[in-house]
Structures are given as structure tokens and as C-alpha cells.
Amino acid sequence: ILNVEQSPQSLHVQEGDSTNFTCSFPSSNFYALHWYRWETAKSPEALFVMTLNGDEKKKGRISATLNTKEGYSYLYIKGSQPEDSATYLCALGGSNYKLTFGKGTLLTVNP
Amino acid sequence: ETGVTQTPRHLVMGMTNKKSLKCEQHLGHNAMYWYKQSAKKPLELMFVYSLEERVENNSVPSRFSPECPNSSHLFLHLHTLQPEDSALYLCASSQDETSGRYEQFFGPGTRLTVL
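Rules behind the numbers
- Residues numbered from 1 in each chain as written.
- Chains lettered and ligands numbered in written order.
- Predicted model: local features only at pLDDT ≥ 70, side-chain atom pairs only at ≥ 80, totals over all residues.
- Heavy atoms only, no water.
- Pairing = 2+ DSSP bridges.
- Helix = DSSP H or I, 4+ residues; strand = E, 2+ residues; numbered from the N terminus.
- Axes fitted to C-alpha atoms, helices over the stretch in contact; angles between N-to-C directions.
- Contact = heavy atoms within 4.5 Å.
- Buried area = accessible area lost by both parts, 1.4 Å probe.
- Salt bridge = Lys/Arg side-chain N within 4 Å of Asp/Glu carboxyl O.
- Polar contact = N/O pair within 3.5 Å; in protein donor to acceptor, adjacent residues only side chain to side chain.
- Nonpolar A, V, L, I, M, F, W, Y, C, P; charged D, E, K, R; others polar.

Student: Just to check I follow, could you spell out the sheet that holds strand 1 (residues 4-7) of chain B for this structure?
Tutor: Sheets are built from strands that pair by backbone hydrogen bonding, the pairs being arranged parallel or antiparallel. Residues and elements named next belong to chain B. With respect to topology, 4 strands assemble into an open sheet ordered 1-3-8-7, the strand pairing being antiparallel. Each having just a single partner strand, strand 1 and strand 7 (64-70) make up the two edges of the open sheet. With strand direction ignored, the average angle separating the axes of adjacent strands in the sheet is 20 degrees. Of the pairings in the sheet, the one linking strand 3 (residues 18-25) to strand 8 (residues 73-79) comprises 7 bridges and is antiparallel in character. Note on strand 8: the bridge partner recorded for Cys23 is Leu74.

Right, dumping it as C-alpha cells:
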């Protein structure tokens, strides 16, 4: 059973703060690493799919890095806004069709 | 709007009922998925369909029965469920199922309560 760990479990920040959270996974089982953003009462939405060690991807104020050798990925949000409040999910993609998800990090941005 | 729709959004059923969840994707994808999310647990994969054939059954009890009549539609037939089956059921689709490299597009989910 693959274990995908996300930390912290939840996070409160003030509007304008920058923040980051972590996804850890077994490096021996790496195929792809996904980040999803899930707002309450909406569908999870893909942010990034990363496949190469050292990958860095960016979408607006959100960016992510990947270290496959040590088995972790960081998600960064610069200048957090209230609309960034959501659960951020990390998932390990395997060659056997499966995405194994972490429990997520719940981010609350206070105005 | 992700291009994946699910109906109903909420469902309450008794343990002896039979009901079905429906998912439809308008993205031209080849793969479709059912996931379950229980309280305080990560999303768990239940079934994967590729080109209308089931390629993964993740040890799901037989009281959950999937059906994929074509590449755009996916059903989850429910019968004699237990209260512990109460959860959010999410459908997703992706371009291809043969690797974990393609992002998945999710529907909004069906919140199921079993009394």
C-alpha cells in the first residue's frame, strides 16, 4: 500500500501571506505527481502534473517543485488571497492506472 | 465547470433500496473512474474503465456494481448498501488510463447517505 503524506493537515494564513505545504511519497514508486485544488461544494481541479526530478511548475501565484529522489513535492502560494481557500490534494500516479491520494491540506486565508 | 457531470448530487437511501449514480463526461476522454471519499480519509479509487472495459476493480464489495455503456457515460449501481457506505462518490475522466501522467477531471460528486 502506497503512503502519500501531506502536511500540515490544515493551515490558517492572513491575506497577503505566502505559504507552502508538503507532499511526501515513497520515491521507489514514483511515476507522476499530481496536485489538485478542491474548493468546498465544487469539483477537484488539477493544478499540476509533474514527472521529472527537479520539475518546477507555475500557474499564476501558485508553484510547485518536485524531488523524486527524496520523495517530496512542495506547493507554494505567493500573496495568498481569500479565494485560495481550499483543500490542496497531492496524488501519486502509478503505471497501474491508479492515483493514490493524500488526505490533503486545508488552507484558510483570512481577509 | 470541468466537463464532468454527476447526478444526483444528493441521495438518501435505505439499506434495501436499489439506486444508481450517473456520470457523464463531455471531454472525449477514454478513461473514467469512480472514487469514494469517506470522512477523514483520502480519496479511494474504486473502479477504472478504459474504452468501456473495466481495467481495475480495487477490491470493492459486490454491492457496488459499475457499468460503462459507452466512453462518455459511467454508472454506479447500488444495492443492499450499509450505513458505512455513506460517503461522497466522485466520478473522474482522463485522456488515457495507461499511466498516471494525465490529469483527471472530476465531477462535483454525489453525497450518499445510507439509513
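After that view of the structure, there is still more to cover.
Student: Even after reading the chapter, I still don't get the interface of chain A and chain B, so can you show me in this structure?
Tutor: By a widespread convention, an interface's size corresponds to the accessible area lost as its parts come together. In this complex, chain A contributes 22 residues to the contact, which on the side of chain B involves 26 residues. Contact between chain A and chain B buries roughly 1900 Å² in total, counting both sides, with carbon and sulfur atoms accounting for 61%. Here chain A is connected to chain B by 0 salt bridges. For the pair chain A and chain B, the interface holds 3 residue pairs in polar contact (both at pLDDT 80 or more). Taken together, the elements giving at least two residues each to the side of chain A that touches chain B come down to strand 4 (32-38), strand 5 (45-50), strand 9 (86-93) and strand 10 (99-101) of chain A. Looking at the side of chain A that touches chain B, the element that brings in the most residues is strand 4 of chain A, giving 4 residues. Class assignment of the residues belonging to the side of chain A that touches chain B gives a composition of 12 nonpolar, 8 polar and 2 charged.

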